Amino acid sequence: MAWRLVIGGILSGLQALTESARRADNAELLNALPSLPIERASILEALAESRAAR
C-alpha cells in the first residue's frame, strides 16, 4: 500500500513538471519576463569573490 502512495507522488510530480515545461515553452510568457540589464563585469566580480571566499 505504501508503494501506491510513492507512485502517486511520483506521478503527481511528473504532471507538475510537464505543466511547468509547457508554460516555460510559451513564447508569450517568456516575452513577458522583465529584462534586467546586468553588466558582465559585475557577474564576474561576484564569481571571483565567491571563489575567494571558499
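Placed above this text is the structure.
Residues numbered from 1 in each chain as written. Predicted model: local features only at pLDDT ≥ 70, side-chain atom pairs only at ≥ 80, totals over all residues. Heavy atoms only, no water.

1. Describing the overall build of the protein
Here's step 1: Check the secondary structure of the protein and you find three helices and zero strands.
Here's step 2: The helix and strand sequence of the protein, counted from the amino end, reads α-α-α.
Here's step 3: For the protein, the proportion of its 54 residues judged to be buried stands at 0%.
Here's step 4: Carbon and sulfur atoms make up 62% of the accessible area of the protein, which totals about 5300 Å². (Helix = DSSP H or I, 4+ residues; strand = E, 2+ residues; numbered from the N terminus. Buried < 20%, exposed > 50% of the residue type's maximum accessible area, 1.4 Å probe, protein only. Areas by Shrake-Rupley, 256 points an atom, 1.4 Å probe, with all protein chains shown as cover.)

2. Quick look at a nonpolar patch on the surface
Here's step 1: Together, V6, I7, I10, L11, L14 and L17 give the surface a local cluster of nonpolar side chains, amounting to about 570 Å² of exposed area.
Here's step 2: According to the relative accessible area criterion, L17 is exposed, its value standing at 58%. (Patch = residues over 30% accessible without salt bridge, like charges linked within 9 Å, V, L, I, M, F, W, Y side chains within 5 Å. Salt bridge = Lys/Arg side-chain N within 4 Å of Asp/Glu carboxyl O.)

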